[in-house]
Amino acid sequence: MSGKDGINNKILIVDDDKSIREILADYLSILGYKIFRAENGKKAIKILSRENISCALIDMMMPVMSGIELIDYINENFPLISFIVISGITEIDIVKSALRKGAYDYLIKPIDIIELDITVKRAIEREKLIIENIEYKENLEMRVNEQTKYIKKMVIKSINAMITTLEARDKYTKGHSKRVSYYSVSLGKGLNLNKNTIEQLRIASLLHDIGKIGVRDDILSKKGPLTVKEMCIIQKHPVIGEKILSNFINNEDILMGVKHHHEHYNGNGYPDGLKNDNIPYFSRIINICDSFDAMTSDRPYRKSFIIDKALKDIYNKRYIQYDPYMADVFIALLKNGKITFKY
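These remarks concern the structure in this document. The structure presented is a predicted model; accordingly, all values stated were derived computationally and were not measured.

**Comments concerning the nonpolar core**
1) Next: Core analysis: the biggest nonpolar cluster contains 41 residues, and L187, L207, I314 and F330 have the highest contact counts within it.
2) Next: Those elements giving two or more residues to this core turn out to be α5 (113-169), α6 (176-190), α7 (195-206), α11 (252-259), α12 (281-295), α13 (307-316) and α14 (324-335).
3) Next: Filtering out sequence-adjacent residues up to four positions away, F330 remains in contact with Y183, L187, I288, C289, F292, L311, I314 and I339.
4) Next: Counting 24 residues, the second-largest nonpolar core is a separate cluster that includes F36, I53, I68 and A103.

**Here's the deal with the pattern of salt bridges**
1) Next: Evaluation of the coordinates by the stated rule reveals 14 salt bridges.
2) Next: Here D72 ties to K101 by a salt bridge, and the two come within 3.0 Å at their closest N and O atoms. Separated by 29 residues along the polypeptide, D72 in helix α3 (residues 67-77) and K101 in the loop between α4 (92-100) and β5 (105-108) bring together distant segments of the chain.
3) Next: What makes D72 partly exposed here is its relative accessible area of 35%.
4) Next: Where R284 meets D323, a salt bridge forms, and the shortest distance between an N and an O atom there is 2.8 Å. Taken together, the residues span a long stretch of sequence, with R284 in helix α12 and D323 in the loop between α13 and α14 at a distance of 39 residues.
5) Next: Sharing partners across several salt bridges, the network here consists of D15, D59 and K109.

The rules behind each value
Per chain, residue numbering runs from 1 following the sequence as it is written. Local features are withheld for residues below a pLDDT of 70 in this predicted model, meaning they are given only at 70 or higher, and side-chain atom pairs are given and counted only at 80 or more; totals for whole chains, interfaces and linings count all residues. Just so you know, side-chain values use all the structure's heavy atoms and leave hydrogens and water out. What makes a nonpolar core is a set of buried Ala, Val, Leu, Ile, Met, Phe, Trp, Tyr and Cys residues whose side-chain atoms join them at distances within 4.5 Å. Relative accessible area decides the class of each residue, using a 1.4 Å probe on protein chains only: under 20% of the type maximum gives buried, over 50% gives exposed, and in between gives partly exposed. Here a strand is any run of E in DSSP of at least two residues, a helix any run of H or I of at least four, and the numbering for each starts at the N terminus. Here, residues are in contact when the closest pair of their heavy atoms is within 4.5 Å. Every case where a carboxyl oxygen of Asp or Glu lies within 4 Å of a side-chain nitrogen of Lys or Arg is listed as a salt bridge.

Encoded structure:
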């Protein structure tokens, strides 16, 4: 890419030898580049601070500020600039040092003008490619963020659609998922969970009963006690829920929170009879909140408990059904007004 064709054709020549500066400047000007000259590193820095230089030709042996020192400054402050080392035949060790610091290439004095033309063109092309790569990555990151937002929006729509479908089948549990999610998030905050974990808990608790989509209507809405066979069927809903969600949610905490929300602290729950801290953290939270909402809401087989009776039941079943610490925190939050009763 010549100076005439380039987006940025500004070249800085830094050399304490005026005759070399002028020879290089005259030749590169003919090629269409805009030339800036500096007799030492400090004057070069002033030019760099005000001009959008694309390529710098830097002599290694200069007074005031050496070529290596100028290179260090450029690397720290102008990392996109391609720089080419100008040196004498006896300065090979210094050239090697410059190359290790990122010099694009080097030219040995006396400089061959054909070699100069080719080297400068390639150096500027390198800068252009670097800028294009940065812009590509920035655009790619923007597109990924937009796609992520879109996917999240679609997931939320899917979640809401599934909850609507579930609640349409069972009028007695209308609003149950949202209430359990509210209680769970409130308890999570009381347990000092971070923002990201709270969001995962919100999704898990909102979807904890989604597996009931796979349970027959006559069992979900049965007014009398369930038979052993019917109980076995309904107890499959956490596993069904985990399988449904695994198709579009790739988060183990959410999936396990759904699958094990009916495990009991003493190991007598389902589906796997997990015990104590082996029960996933989200599941222990959802278990308390799910039970509280179930007790304080009308069901086809009974009227709701009053709040105090429900809290007493939770308290009495610490170490049996519920994580004792979480149960105590939940009760305290509700009594202190940090959790508002939903109905």
